[in-house]
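# Structure at a glance
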Amino acid sequence: MKTLERFFKYIATDTQSNPESESFPSTSKQKDFGLQLVDELKSLGVENARMDEYGYVMASIPANTAKKIPTVGFIAHMDTAPDLEGKCTNPQIFEKYDGSSIKLDKEGKFTLSPDDFPEMLQYKGQTLICTQGDTLLGADDKAGITEIMNAVEYIMQHPEVEHGKIAIGFTPDEEIGCGVDHFDVAKFGADYAYTMDGGQIGELEYENFNAAGVTIHIQGRNVHPGYAKGKMINSQLVGMELHQMLPCGQRPEFTQDYEGFFLLTKFAGCVEETQMQYIIRDHDRQKFEQKKQLMESIVKLLNEKYGEIIRCEIKDQYYNMREQVEKHLLVVDIAKEAIRKAGVEPIVVPIRGGTDGARLSFMGLPCPNIFAGGHNFHGRYEYIILESMEKATQVILNIIKAYAERA
């Protein structure tokens, strides 16, 4: 199956996850998609493909040699982000992209422009795929699934390629931070793995943010405004005061590279009650702990000022995988070699986010992240380059071959 045909089939299927759901996976449509992938794997000859009760799709291709080769796994997530409608049935294709701006919608409200996204210019002459402005493209991470499936199809059709056991995994709910909550590492059966969930061509990531989520509840006191002097406590204003006490320069829009941040993701309330949610991120574990301590100290100060009206819960979500991957740098070295053999120079960068691989690395499965070829994830300006997807497939095959050659 051609890459675009497979990719378009996947992105036309709605698999959006839901952070408000209490089920796992958070939406049943992810399981529906998982069953489609199981059927496809079986049609390619991968007989042991299956989906478990939690919606994880797992399969493996047996080794075709007597050599002792480590089992290598490849993982991508099935869900799309809840930020915008995730079912894309009308992608736009620009063959031999000329470097100009692209009007996504007919009305011209949304324009994908190199003025805003200058990295587009490096893809002049290639095939660019984007949305029509009303949905996500879904390349995050259906591009990764496409690339893994492409590699599976190739391996199954070319038995002359020597390889060890290959593990395949597709996970639900990655976009809402729950992607490996029920992932059975032992059942997956890999010694090393790679998530195909990165961005631009060449990216290789084995360090990510330490991450925490913060939930804040402020209980105000509502009194008729005509008689409120000395009595009213407006919970919204207390929330605004709390936010202003955090360092302005440590917001996502002012940070890059290894700089961490506080992000206010939700603010909802009235005079009586206000709910706030934050995420805290930093690559450095010590700075990460300091950020959490700062949040706690601000809450403590405001509680002393207003009388214990704020409840704050800080919950760690994941940690920097570098702590674990550095113990197994072979996985990084092989990935670098595989990327170069595909004719691409590796771009080793820290993830300003997280992947399933971060948590899997702490679960005993070293799992760096490799580019899938997309840009501008989680929004209507998402796009991907066909040639980057094809290179990512080649990288997977090169990794498989590299482990066999080193055996």
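Refer to the structure printed above.
Our subject in this report is the structure included herewith. (Residues numbered from 1 in each chain as written. Predicted model: local features only at pLDDT ≥ 70, side-chain atom pairs only at ≥ 80, totals over all residues. Heavy atoms only, no water.)

Helix and strand counts for the chain come out as 10 helices and 18 strands. Its C-alpha atoms give the chain a radius of gyration of 23 Å, within 12% of the compact-globule value 22 Å for 407 residues. Over its C-alpha atoms, taken along the principal directions, the chain stretches across nearly 85 × 50 × 35 Å. When each of the 407 residues of the chain is scored for burial, the buried share is 53%. Taking all contacts inside the chain whose residues are at least 6 apart in sequence as the whole, residues at least 24 apart take part in 79%. By element, 48% of the accessible surface of the chain is carried by carbon and sulfur atoms, the whole surface being about 18000 Å². (Helix = DSSP H or I, 4+ residues; strand = E, 2+ residues; numbered from the N terminus. Rg over C-alpha atoms; globule rule 2.2 N^0.38 Å. Buried < 20%, exposed > 50% of the residue type's maximum accessible area, 1.4 Å probe, protein only. Contact = heavy atoms within 4.5 Å. Areas by Shrake-Rupley, 256 points an atom, 1.4 Å probe, with all protein chains shown as cover.)

Per the stated rule, a full pass over the model turns up 19 salt bridges. Between Lys341 and Glu405 there is a salt bridge, with its nearest N and O atoms 3.7 Å apart. Here the residue Lys341 occupies a position in helix 8 (residues 330–341), and Glu405 occupies one in helix 10 (residues 386–406), the gap between them amounting to 64 residues. Accessibility expressed as a relative area gives 53% for Lys341, which makes it exposed. (Salt bridge = Lys/Arg side-chain N within 4 Å of Asp/Glu carboxyl O.)

Moving on: unusual backbone geometry. Following Phe24, the chain continues to Pro25 via a peptide bond in cis, the omega torsion being -5 degrees. Structurally, Pro25 can be placed in the loop between helix 1 (3–11) and helix 2 (28–43). Cis geometry marks the peptide bond from Asp140 to Asp141; its omega dihedral reads 15 degrees. Residue placement: Asp141 occurs in helix 3 (residues 139–157). If you check the backbone angles, His378 has positive phi at about 75 degrees while not being a glycine. Mapped onto the elements, His378 comes out in the loop between strand 17 (374–375) and strand 18 (383–385).

Read across the open sheet, the 4 strands follow the order 4-7-18-17; overall the sheet is antiparallel. In this open sheet, the two edge strands, each paired with only one partner strand, are strand 4 (92–94) and strand 17. Pairing of strand 17 with strand 18, which is carried by 2 bridges, proceeds in the antiparallel orientation. Bridged to Gly374 within strand 18 is Ile384. (Pairing = 2+ DSSP bridges.)

Right, let's talk about the sheet that holds strand 12 (residues 261–269) for a bit. Spatial strand order, 12-13-11-14: 4 strands in an open sheet with antiparallel pairing. Strands with a single pairing partner mark the edges of an open sheet, and in this sheet they are strand 12 and strand 14 (310–318). Averaged over all pairs of adjacent strands, the angle between strand axes in this sheet comes to 15 degrees, irrespective of strand direction. Alignment of strand 12 against strand 13 (residues 273–282), held across 8 bridges, turns out to be antiparallel. Directly across from Gly269, in strand 13, lies its bridge partner Thr274. The sheet strands contacting helix 5 (residues 235–245) are strand 11 (210–219), strand 12, strand 13 and strand 14, and the helix crosses strand 13 at an angle near 15 degrees. Strand contacts of helix 6 (residues 285–306): strand 11, strand 12, strand 13 and strand 14, with the helix running at about 170 degrees to strand 14, the strand carrying the most contacts. (Axes fitted to C-alpha atoms, helices over the stretch in contact; angles between N-to-C directions.)

Turning our attention to the pairing of strand 11. Of all 10 residues that make up strand 11, 8 are buried, and the element is covered over most of its length. Relative to strand 13, strand 11 runs antiparallel, the two sharing 10 bridges. Within strand 13, the position partnered with Asn210 by the bridge is Asp282. Relative to strand 14, strand 11 runs antiparallel, the two sharing 8 bridges.

With that out of the way, let us pick up the nonpolar core. Counting residues in each nonpolar core, the largest one holds 66 residues, and the members touching the most others are Phe170, Tyr194 and Ile399. With 9 residues, the top contributor of residues to this core is helix 10. If we ignore the near neighbours within four places in the chain, the residues touching Tyr194 are Val72, Gly73, Phe74, Ile75, Val331, Ile334, Ala335, Cys367, Pro368, Ile370, Ile399 and Tyr403. The next biggest cluster of nonpolar side chains, apart from the first, holds 19 residues, and it includes Met276, Val299, Ile309 and Ile310. (Core = buried A, V, L, I, M, F, W, Y, C linked by side-chain atoms within 4.5 Å.)

Turning to empty space enclosed by the protein, a few remarks are in order. In the structure shown here, the tally under the stated rule is 2 cavities of 30 Å³ or more. If you add up the space inside the largest cavity, you get close to 50 Å³. Contributing to the lining of the largest cavity are Ile61, Phe74, Ile148, Ala151, Val152, Ile155, Ile166, Ile168, Ile396 and Ile400. Secondary-structure elements contributing two or more residues to the lining of the largest cavity are helix 3, strand 8 (166–171) and helix 10. Broken down by element, the residue count for the lining of the largest cavity peaks at 4 residues, all from helix 3. A breakdown of the residues in the lining of the largest cavity according to their chemical character gives 10 nonpolar, no polar and no charged. A volume near 40 Å³ is recorded for the second largest cavity. (1 Å grid on protein atoms, 1.4 Å probe; cavity = no way out; pocket = protein on both sides within 12 Å on 5 of 7 lines; lining within 4 Å. Points joined across faces, edges and corners; volume = space filled by probe spheres on them. Nonpolar A, V, L, I, M, F, W, Y, C, P; charged D, E, K, R; others polar.)

Bringing the packing of helix 1 against helix 10 into the picture now. Contact pair helix 1 / helix 10: the axes reach a minimum separation of 11 Å and the direction vectors enclose 100 degrees. Relative to helix 10, the element helix 1 is oriented roughly perpendicular. Residues Thr3, Leu4 and Phe7 of helix 1 pack against Leu386, Met389 and Glu390 of helix 10. Here the contact of helix 1 with helix 10 is built from residues that sort into 4 nonpolar, 1 polar and 1 charged. (Parallel < 35°, antiparallel > 145°, perpendicular 65-115°, else oblique.)

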